[in-house]
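Observations on the model geometry
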Amino acid sequence: KAKQMGKNRAVFYDKYLQEEADKHIEIKNELVNAFNNDEFVIYYQSQHDVDTAEVRGYEALIRWKHNTKGILMPYEFMPYVEKFGLSLELDKYVCEKIYEHFYKLRQDDSINISINISATSFEDPEFIAYVEEKVKNNDVRTNQVTLEITEDTLIKNLDASFINRIRALGFRVSIDDFGTGYSSLSYLTKIDFDEIKLDMTFIHAIQNSKKDEEICKLILHMCNELGANVVAEGIETREQLEFVKKEGATIIQGYFYSKPLPYEEIFS
Ligand code: C2E
Ligand code: MG
Ligand code: MG
Ligand code: MG
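A brief report on the enclosed structure follows.

The rules behind these values
- Residues numbered from 1 in each chain as written.
- Chains lettered and ligands numbered in written order.
- Predicted model: local features only at pLDDT ≥ 70, side-chain atom pairs only at ≥ 80, totals over all residues.
- Heavy atoms only, no water.
- Patch = residues over 30% accessible without salt bridge, like charges linked within 9 Å, V, L, I, M, F, W, Y side chains within 5 Å.
- Areas by Shrake-Rupley, 256 points an atom, 1.4 Å probe, with all protein chains shown as cover.
- Salt bridge = Lys/Arg side-chain N within 4 Å of Asp/Glu carboxyl O.
- Helix = DSSP H or I, 4+ residues; strand = E, 2+ residues; numbered from the N terminus.
- Near = heavy atom within 4 Å.
- Polar contact = N/O pair within 3.5 Å; in protein donor to acceptor, adjacent residues only side chain to side chain.
- Donors = N, O, S within 2.8 Å, 3.2 Å for Na, K, Ca; no water.
- Phe/Tyr/Trp six-rings, centres within 6.5 Å; stacked < 30°, edge-to-face > 60°.
- Buried < 20%, exposed > 50% of the residue type's maximum accessible area, 1.4 Å probe, protein only.
- Lys NZ or Arg CZ within 6 Å of the ring centre and 35° of its normal.
- Core = buried A, V, L, I, M, F, W, Y, C linked by side-chain atoms within 4.5 Å.
- Contact = heavy atoms within 4.5 Å.

1. Brief notes about a nonpolar patch on the surface
A surface patch of nonpolar side chains, about 470 Å² in accessible area, is lined by F12, Y13, Y16 and L17. With respect to the helices and strands, the residue Y13 is situated in helix 1 (residues 2-36).

2. Here's the deal with the site of ligand 1
Residues in close proximity to ligand 1 total 24 residues, the closest being R63, N116, D176, E236 and Y255. In the environment of ligand 1, a nitrogen atom lies 3.0 Å from a nitrogen or oxygen atom belonging to the side chain of Q45. A distance of 2.8 Å separates an oxygen atom of ligand 1 from a polar backbone atom of Y255. Looking at the shell around ligand 1, the elements that each hand over two or more residues are strand 2 (55-66), helix 2 (74-83), helix 3 (87-103) and strand 6 (172-178). With four residues, the single largest contributor to the shell around ligand 1 is strand 2.

3. A closer look at the coordination of the magnesium ion (ligand 3)
The coordination sphere of the magnesium ion (ligand 3) contains the protein donors D176 (OD), D177 (OD) and E233 (OE), at a distance range of 2.0 to 2.2 Å. Motif for the magnesium ion (ligand 3), donor spacing along one chain: D-D-x55-E. A spacing of 4.1 Å is found between the magnesium ion (ligand 3) and the magnesium ion (ligand 2), which share D176 as a donor.

4. Some thoughts on the packing of aromatic side chains
Tallying each qualifying case throughout the model produces 18 aromatic pairs. Judged by centre distance (5.4 Å) and plane angle (80°), the ring pair of Y44 and F102 falls under edge-to-face. Taken together, the residues Y44 in strand 1 (residues 40-49) and F102 in helix 3 connect sequence positions 58 residues apart. A relative accessible area of 0% means that Y44 is categorised as buried. Seen in terms of ring centroids, F127 and F162 are 6.2 Å apart; in terms of plane orientation they differ by 20°. Their pairing is stacked. Of this pair, F127 sits in helix 5 (residues 125-137) while F162 is found in helix 7 (residues 161-168), placing the two residues 35 residues apart along the sequence. Pair check on accessibility: F127 and F162 agree, each one buried. Taken together, F35, F40, W64, F77 and Y93 form an aromatic cluster joined through their ring pairs. Above the ring of Y43, the side-chain terminus of R63 is found at 5.3 Å from the ring centroid.

5. Digging into the nonpolar core
If you look at soluble globular proteins, the nonpolar side chains tend to sit buried side by side. Of all hydrophobic cores here, the largest spans 70 residues; its most connected members are F40, Y44, I98, I175 and V244. A total of seven residues in this core trace back to one element, the largest contributor, which is helix 3. Dropping the residues within four chain positions of it, V244 is found in contact with I203, L220, A232, I235, A249 and I252.

Just geometry here; none of it tells us what the structure is for.
Here it is as structure tokens:
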């Protein structure tokens, strides 16, 4: 009897696995089609000077305009992009889109654009080769472009060559989601960077307890000691803004000023 049950379970399990496999193939096909049909859109979220509120730049954030499911957010599809080995393709796609957008928008040379780079591309020599090629053959104002690499990626792969090559081209480098990956802070001495983006979890925690507030202060002070520009992301309230301003953040990004918006809504 037990044997029979085990067998039934195995059949059930196989069926489940088959369904999962089918679902994955479907998502993979959809993703591949999304690239071919140009279904991704870049939204931009403004970044403001902490003192004057002037716009200093924008962070590019990807969305998937799915033909039946509507606008999908990164957390809904980026895990699949990574799983199916499409991260490099996605990062290049994003860079091309941004290049097109800002090629049309050359008049303003004070605006910075921040681009998120996936862990895969950070490690893949093909990505840096692509960037170097792009810069060599096109008019790219690299000093107005910041590449954001998450702290987590940096810690897992402490190879400064990508960073050095990026900076040699004139790009700025930002450590994204700062504070979430820290197992050790020693990596900070091994790489050159221009900016630190304090993760929003710290900012959202300051109202929780005195302890959270102290940690947030400590990180902001440390960033200042390191001579880095500090972007505070996820600022939603006046109180949060005043707090990070007092503790030394230089740039503010968050719903307090604006949500990420499509290119057309900001630049035309
Ligand atoms: P991230 O780079 O840390 O981006 C910040 C996230 O915080 C964005 O989420 C943004 O919409 C959200 N945000 C901004 N202000 C506020 C606020 O005041 N409150 C709250 N609650 N959230 C705020 P989004 O656009 O969903 O992106 C999530 C993550 O997906 C990004 O985190 C980044 O890691 C990744 N991602 C987004 N676009 C790209 C891309 O083009 N390429 C790559 N490789 N990754 C991307
Ligand atoms: Mg980012
Ligand atoms: Mg971040
Ligand atoms: Mg993030």
